[in-house]
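# Examining the three-dimensional arrangement
This is what each chain is made of:
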Amino acid sequence: MTQQDVGRAAGPGAGRVLEGALAAAFGLVAVAMPALLLWILSPYPDDGPYGALRVAAALWLLAHGADLVRTDTLSGAAAPLGVTPMLLTALPVFLLYRVVRATGGADRRSLGLVCAGYLAVGAGAAWFTRGGSLSVEPLSAALYVPLLTLATLAAGSWVARGRPTLHPPGWTGLGERPHGPCPGAALRAAAVGVAALCGGGALLAAGALVARGGAVQDGFARLADGWSGQVAVLLLCLVLVPNAAVWGAAYGLGPGFTLGAGSVAGPVLTTAPPGLPPFPLLAAVPGEGHGGPLLWVAAGAVPLAAGWGAGWCVGRAGVPVPGTRHGAATGPGTAATAALGALGCGLAVAALAAFSGGPLGREALAAVGPTWWQAGGAALAWTALVSVPAALLVRWWRLRDPHPLLAAALLWRRGVTWCASLRPAPPQEARGESEWHSGGSRHSRWAALKEASGGLMPDFESRWRPEPPPVPPQPTSPPTAGPPAAGPPGTPPSSTPPAAAAPLTSPPRPKTRPKLPLRPTPGPGRHRRT
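Before going into details, it helps to say that this report is about the structure given with it. (Residues numbered from 1 in each chain as written. Predicted model: local features only at pLDDT ≥ 70, side-chain atom pairs only at ≥ 80, totals over all residues. Heavy atoms only, no water.)

## Examining the sheet that holds strand β1 (residues 68–70)
Spatially, three strands are ordered β2-β1-β3 in an open sheet, and the strand pairing comes out antiparallel. The sheet is open, and its two edges are formed by β2 (79–81) and β3 (134–136), each paired on a single side. The average angle at which neighbouring strand axes cross in this sheet is 35°, direction not considered. Where β1 and β2 come together, three bridges link them in antiparallel fashion. (Pairing = 2+ DSSP bridges. Helix = DSSP H or I, 4+ residues; strand = E, 2+ residues; numbered from the N terminus. Axes fitted to C-alpha atoms, helices over the stretch in contact; angles between N-to-C directions.)

Okay, here's the thing in C-alpha cells:
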C-alpha cells in the first residue's frame, strides 16, 4: 500500500496529516540508517544505539536549518553548531515536494494539514534529542523547521499547478505590457544566475582541492585512523559540497567568506584564519596574502558568466519569434525585466549564504561562512551590471537576424569569400585556346596521320575547308511587251506568253520521306520499315 492509498483510507483531512507525517518519518529513517551503520562499524563506540538515533534526529533537524548544541566539549561548556549540510537539506525538500505533486497542487487547507503532520514528527524528533551529545536548540527549531516546510510546500504547489503567472499585490497587468517587466522571465533569469554562480563556485573549490591534493589526503589520515572513521569523514565532506559551492560563489563575487575571528578569504586579500581542524574541505582555502592576476581572472569569470546567462534568458524571452517584432518586448521593458531578475538573484544568494554558514563553536568560531548581506549585495550589483546590457544586446541580435546559426553561417561565408579574394589570381594564357588546340599543333598532328595512312587521308585544308554558302537567286527584269511569236501556219495565236518570258527560278526539290525507325519482325534477321 502506497502513501496515497493510506491517505485515502484514513479520510480526506486525516489523510493529509498522515502524508506529512510519513514524509517526515521517511526522512528520519534515511538519516538514521547510515548513522546506525557507522555506529556498528565504529571500533570505539561512545554511546549505545539510542545515542546514535539521537545523533540522527539532531542531524535531520540540522538539515532544516535548526541550530544544535554540543555538550561533550574539551572545555566542558556547551558549543553551538549551526552550519547546515545543504546536501542533507535536499532530502526533506524532495519528500515534501513529492507529497505535494501526488496531491496535484492541493489547496491551502490541505497544505496546512500536510504541514501540521510534518511538524508533529519534527517536534517529536526535537524532544527525542534531549539528553544526548547533540541536542537541538528549541528556539531555532521552532523558527526554521516551519519556515522551510511552508516554503517547500508553497513552491511545490506552484509547480504542481503548472507554474501559473505570478501577480503580486499592486502588480496587476504589468506582465502583459511590453514596456513593463515580466515576472516569469525575471524569475527564470534569477534561477539561471544563481545556478551559474553556484556552478562557478563549485569549479573554484574543486580546482583548489585538486591543486592541494596532498593536504586533502593528509586531512583524512589525521582525522581518522580506521577505514570506518575515514568513511564518516568522506560522508561529511559530501553533504557539505553545496556549502563549498556557495562559499566559492561568494569568493568569486568579491566579499569572500570568513573562517572565524574576523578573518577574510577573498580574491583581493586573504587574512590568516585561526587554528582550524585538518578538515579536507578546508584545504581549499587560499593562503594568506593578496591574490594574483590569474586568481582575479578565474574569480571574475564567475559573476560575468552569471550575468551573461541571466541577460541571455531575458533577451530570448523578450523576442519570442526571431526576426520579427511581433510579441516582442520593448527596450525599456527588457531592461526592467533584467533588473528584476538581478534583484531576485541577489535575494536568493543572500538566503543561500545565510543558510550555508553559521557557528561552529564559541568566540573565534562563532561566525563561519559568507556574510549574507555582502554576498547578496555583490550578486545584485554584478548581475545587474552585466545582465541589463546583455539582455539588450541579445534582443537586438534576435530582432536583426532570424536565427543565430544562419547569421553565423552568412558571416562565415563572407569571411571565406574575402580571404579567397586576397589570393593572387592564376596567370591567364595569351590566347583564348590552349597550345594543344592551336592551329600549328593541329596541322602537325594531321600531317602525321596522313603519312601513317599512306596518303589515303586528304589534306588538312581540304578536310577542314568550310563549304561555300549557297548563292541566293538573282531577280531578273520582266520581258518587254511585243508581238507574239508566229507559230506554224494554220495555228491560232496563243494568249500565253512564251516560256522564255517566265522568270528564271530554281526547280523545286523533291520532298523526301523521312526515314522511320525499323521495327523488328517476328522472323530472325528481318526488319520491316514502318
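Let us keep going from here.
## Side note on the packing of helix α7 (residues 183–211) against helix α11 (residues 293–318)
The contact between α7 and α11 brings their axes to 8 Å, and the two run at 160°. Between α7 and α11, the interaxial angle falls into the category roughly antiparallel. The two elements α7 and α11 cross, and the hand of that crossing is right-handed. Of α11, the residues touching α7 (which contributes A185, R188, A189, V192, G193, A196, L197, G200, G201 and L204) are A298, A299, V302, P303, A305, A306, G309, A310, C313, V314 and A317. Tallied by class, residues from the contact of α7 with α11 come to 16 nonpolar, four polar and one charged. (Parallel < 35°, antiparallel > 145°, perpendicular 65-115°, else oblique. Left-handed = near helix turned anticlockwise from the far one by under 90°. Contact = heavy atoms within 4.5 Å. Nonpolar A, V, L, I, M, F, W, Y, C, P; charged D, E, K, R; others polar.)

## Details of the packing of aromatic side chains
In total, this model carries three aromatic pairs according to the counting rule given. Look at W60 and Y118: their rings are 5.8 Å apart centre to centre, the planes differ by 45°, and that puts the pair in the tilted class. In this pair, W60 is assigned in helix α3 (residues 49–62) and Y118 in helix α5 (residues 108–128), connecting sequence segments 58 residues apart. No difference in accessibility class separates W60 from Y118, as the two residues are buried. When the ring centre of F128 is taken as reference, the NZ or CZ atom of R54 above it lies at 5.5 Å. (Phe/Tyr/Trp six-rings, centres within 6.5 Å; stacked < 30°, edge-to-face > 60°. Buried < 20%, exposed > 50% of the residue type's maximum accessible area, 1.4 Å probe, protein only. Lys NZ or Arg CZ within 6 Å of the ring centre and 35° of its normal.)

## Thoughts on the nonpolar core
If you look at the biggest cluster of nonpolar residues, it comprises 31 residues, and the most contacted ones within it are W60, L61, L68, Y118, A125, V136 and L153. For L61, the contacting residues outside a window of four places in its chain are A66, G122, A125, A126, V136 and V145. Grouped together as the second largest cluster of nonpolar side chains are 14 residues, A250, L253, V349 and A378 included. (Core = buried A, V, L, I, M, F, W, Y, C linked by side-chain atoms within 4.5 Å.)

## Details of a nonpolar patch on the surface
Judged by side-chain polarity, L37, I40, L41, L87, W227, V231, L234, L235, L238 and V241 come together as a nonpolar surface patch covering roughly 910 Å² of accessible area. Secondary structure elements with two or more residues in the nonpolar patch: α2 (12–41) and α9 (227–239). The dominant element in the nonpolar patch, judged by the number of residues it contributes, is α9, at five residues. Along the chain, the position of L87 falls in helix α4 (residues 86–103). Look at L87 and you get partly exposed, because its relative accessible area is 43%. (Patch = residues over 30% accessible without salt bridge, like charges linked within 9 Å, V, L, I, M, F, W, Y side chains within 5 Å. Areas by Shrake-Rupley, 256 points an atom, 1.4 Å probe, with all protein chains shown as cover. Salt bridge = Lys/Arg side-chain N within 4 Å of Asp/Glu carboxyl O.)

## Comments concerning the pattern of salt bridges
Per the counting criterion, the structure on display carries one salt bridge. For E19, the salt bridge goes to R16, with nearest N and O atoms at 3.6 Å. Here R16 and E19 lie together in helix α2, a separation of three residues that amounts to about one turn. Under the relative-accessibility criterion, E19 is labelled buried at 6%. Owing to a relative accessible area of 21%, R16 belongs among the partly exposed residues under this scheme.

## Overview of α4
With 18 residues, α4 should reach 26 Å at 1.5 Å per residue; the first-to-last C-alpha distance of 26 Å fits that figure. Every buried residue of α4 is accounted for by M86, L88, T89, P92, L95, L96, V99 and V100. Phi for G104, located one or two positions after α4, is positive at around 75°. (Expected span 1.5 Å × (residues − 1).)

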